[in-house]
Amino acid sequence: MLYDLHTHSHCSDGKLSPEELVALAKMNKVDVLALTDHDTVAGVSAAKAAAGDDLTIIPGIEVSSLWAGRSIHIVGLQIDIDSPDLQQAVAQQSDLRLERAKTIALRLEKVGIKNAWEGAQTYAKGAAIGRPHFAQHIISEGYATNFAQAFKRYLGAGKVGDVKSQWPSINSVIEWINAAGGIAILAHPDKYGLTRTKLYSLLEEFSAAGGKAIEVVSGHQTLAVTQKLHRAAIDFSLLASCGSDFHSPDNRWQSPGIMSPLPKKCQAVWDFW
Ligand code: AMP
Ligand code: MN
Ligand code: MN
Ligand code: MN
């Protein structure tokens, strides 16, 4: 069985519609796909409707949170997308994203990027607005040549467009996910640039707050990283998840279902579904 438990559609910062994502996942022979858009579940019903019998869709979300001054992503899987707790959380995150986007736009304007607000909105097309939509504007106006450069110059950690301080705590986010009947999974633990000591204190708090799993595999990663995260899962009695974090077919390193293998000895999240 091929599982991909972390993907994005154009309901957040992905390029494809939920239907197009489902079609690509089927082409790649994915058996079980979770749609985990940033702070929204808007695409889940469409993905389910498009999937038919040979692909199982797991309702999911990737929630932005804040821990020790860093922006940390928590994936919720098997959530009830109609649960009032979740609906309220999503509404709150949506307000925060809009407010943050206004601040990002003001800051970008100050460093000379014209029409940042209008530009980002044009690319977001009503989806959960985020930094990648600003990146598209920055690139199209010639202030950077690609995404990596737009983040390096304007949007990445410590840069002028990196506005994150308002996200909820990991405890609140885990509470919402659990209240919606889901399981909370720490997304891409190797992408936060944490030392082992910091990662372990995050995992300690994550587990104590009711988090159940970590992504032992996120996209293409080295065996050393996979082994480190497998070890961490064992040390905190956390389950293992895996996902491509697919955003766009333009990135040839990311495709639904394409990722490093989960170590055979892992206790996988789906073992308990
Ligand atoms: P936001 O949700 O607004 O904080 O934006 C975060 C998103 O930006 C991530 O989910 C990625 O899709 C994207 N992103 C973050 N860093 C980079 C980078 N260096 N290059 C390209 N995309 C990035
Ligand atoms: Mn993203
Ligand atoms: Mn993420
Ligand atoms: Mn993601």
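To be clear, the structure that these remarks concern was listed above.
Each residue is numbered by its place in its chain's sequence as written, counting from 1. Ligands are numbered from 1 and chains lettered from A, in the order in which they are written. Reporting in this predicted model follows two pLDDT cut-offs: at least 70 for local features of residues, and 80 or more for side-chain atom pairs to be given and counted; totals over whole chains, interfaces and linings ignore these cut-offs and use all residues. Note that the side-chain values use all heavy atoms of the structure and ignore hydrogens as well as water.

A. Representation of the coordination of the manganese ion (ligand 4) within the structure. Listed donor atoms are N, O and S within 2.8 Å of the metal (Na, K and Ca: 3.2 Å). As water is not included, a site may look incomplete. Here the manganese ion (ligand 4) is held by His6 (NE2), His8 (NE2), Glu62 (OE) and Asp245 (OD), and the distances to it run 2.1 to 2.2 Å. In primary sequence terms, the donor set of the manganese ion (ligand 4) follows H-x1-H-x53-E-x182-D. The two metals, the manganese ion (ligand 4) and the manganese ion (ligand 2), are separated by 4.7 Å. Of this pair, histidine 6 sits in strand S1 (residues 3-7) while aspartate 245 sits in the segment after strand S7 (239-243), and the two are 239 residues apart along the sequence. Runs of E in the DSSP output that reach at least two residues are strands. Runs of H or I that reach at least four are helices, and both are numbered from the N terminus.

B. Summary view of the site of ligand 1. All residues adjacent to ligand 1 are Asp13, His38, Arg97, Arg100, Gly130, Arg131, Pro132, Phe147, Phe151 and His247. The separation between an oxygen atom of ligand 1 and a polar side-chain atom of histidine 38 is 2.9 Å. Contact distances for ligand 1 include 2.9 Å between an oxygen atom and a side-chain N or O atom of histidine 247. Per-residue accessibility takes into account occlusion by the displayed protein chains alone, with areas from the Shrake-Rupley method and a 1.4 Å probe. About the coverage of ligand 1: the protein hides 71% of its 500 Å² of free accessible area. For the shell around ligand 1, the elements supplying multiple residues, two or more each, are helix H3 (84-110), helix H5 (131-140) and helix H6 (147-155). For the shell around ligand 1, the per-class residue count stands at three nonpolar, three polar and four charged. Residues are labelled near a given molecule or strand when at least one of their non-hydrogen atoms is within 4 Å of it. By the criterion applied in these results, polar contacts are pairs of N or O atoms within 3.5 Å in which, for protein atoms, one can donate a hydrogen and the other can accept it, and in which residues neighboring in sequence qualify only through two side-chain atoms. Three classes are used, and their members are as follows: Ala, Val, Leu, Ile, Met, Phe, Trp, Tyr, Cys and Pro are nonpolar, Asp, Glu, Lys and Arg are charged, and the others, Gly among them, are polar.

C. Expanded view of the coordination of the manganese ion (ligand 2). Only Asp13 (OD), His38 (NE2) and His247 (NE2) from the protein reach the manganese ion (ligand 2) as donors, at distances of 2.1 to 2.2 Å. One chain supplies every donor to the manganese ion (ligand 2), and in sequence these donors are spaced D-x24-H-x208-H. The distance between the manganese ion (ligand 2) and the manganese ion (ligand 3) comes to 5.6 Å. Highlighted residues: histidine 38 in the loop between strand S2 (32-35) and helix H2 (44-51) and histidine 247 in the segment after S7, separated in sequence by 209 residues. An identical accessibility class is assigned to histidine 38 and histidine 247; each is buried. Any residue under 20% of the maximum accessible area for its type is buried, any over 50% is exposed, and the rest in between are partly exposed; the area is computed with a 1.4 Å probe on protein chains only.

D. Looking closely at the sheet that holds strand S6 (residues 213-218). In short, DSSP must find at least two bridges between two strands for them to pair. A sheet is described by the order of its strands in space; here seven strands give the open sequence S1-S2-S3-S4-S5-S6-S7, paired in mixed fashion. At either end of the open sheet lies a strand with only one pairing partner, and these are S1 and S7. Neighbour-to-neighbour, the strand axes of this sheet turn through a mean angle of 35 degrees, independent of strand direction. We call two residues in contact when some of their heavy atoms are within 4.5 Å. Helix axes are fitted only over the stretch in contact, all axes being lines through C-alpha atoms; the angle between N-to-C directions runs from 0 to 180 degrees. In the packing of H2 onto the sheet, the strands contacted are S2 and strand S3 (56-67), and the crossing angle to S3 comes to about 155 degrees. The strands touched by helix H7 (residues 170-179) within the sheet are S3, strand S4 (70-77) and strand S5 (183-186), with S3 carrying the most contacts at an inclination of about 160 degrees.

E. Layout of the packing of aromatic side chains. Ring geometry is summarised as follows: Phe, Tyr and Trp rings, the Trp one being its six-membered ring, pair when their centres sit within 6.5 Å, and such pairs are stacked at plane angles under 30 degrees, edge-to-face over 60 and tilted between the two. In this structure the tally under the stated criterion is three aromatic pairs. Ring geometry for tyrosine 3 and tryptophan 270: centres 3.7 Å apart, planes at 5 degrees, overall stacked. With tyrosine 3 in strand S1 and tryptophan 270 in the segment after S7, the pair connects residues that are 267 residues apart, well separated along the chain. According to the relative accessible area criterion, tyrosine 3 is buried, its value standing at 13%. Plain terms: the ring middles of tyrosine 200 and phenylalanine 236 are 5.0 Å apart, the flat faces sit at 70 degrees to each other, and that makes the pair edge-to-face. With a gap of 36 residues between them, tyrosine 200 in helix H8 (residues 196-208) and phenylalanine 236 in the loop between helix H9 (223-235) and S7 connect regions that are remote in the sequence. The two residues tyrosine 200 and phenylalanine 236 agree in class, both being buried. Linked through ring pairs, Tyr3, Trp270 and Trp273 together constitute an aromatic cluster. Its end group placed over the ring of tyrosine 200, arginine 196 keeps NZ or CZ at 4.3 Å from the ring centre. Two conditions define a charge sitting above a ring: the NZ of Lys or the CZ of Arg must be within 6 Å of the ring centre, and it must be within 35 degrees of the ring normal.

Any functional reading would require information beyond the geometric quantities listed.
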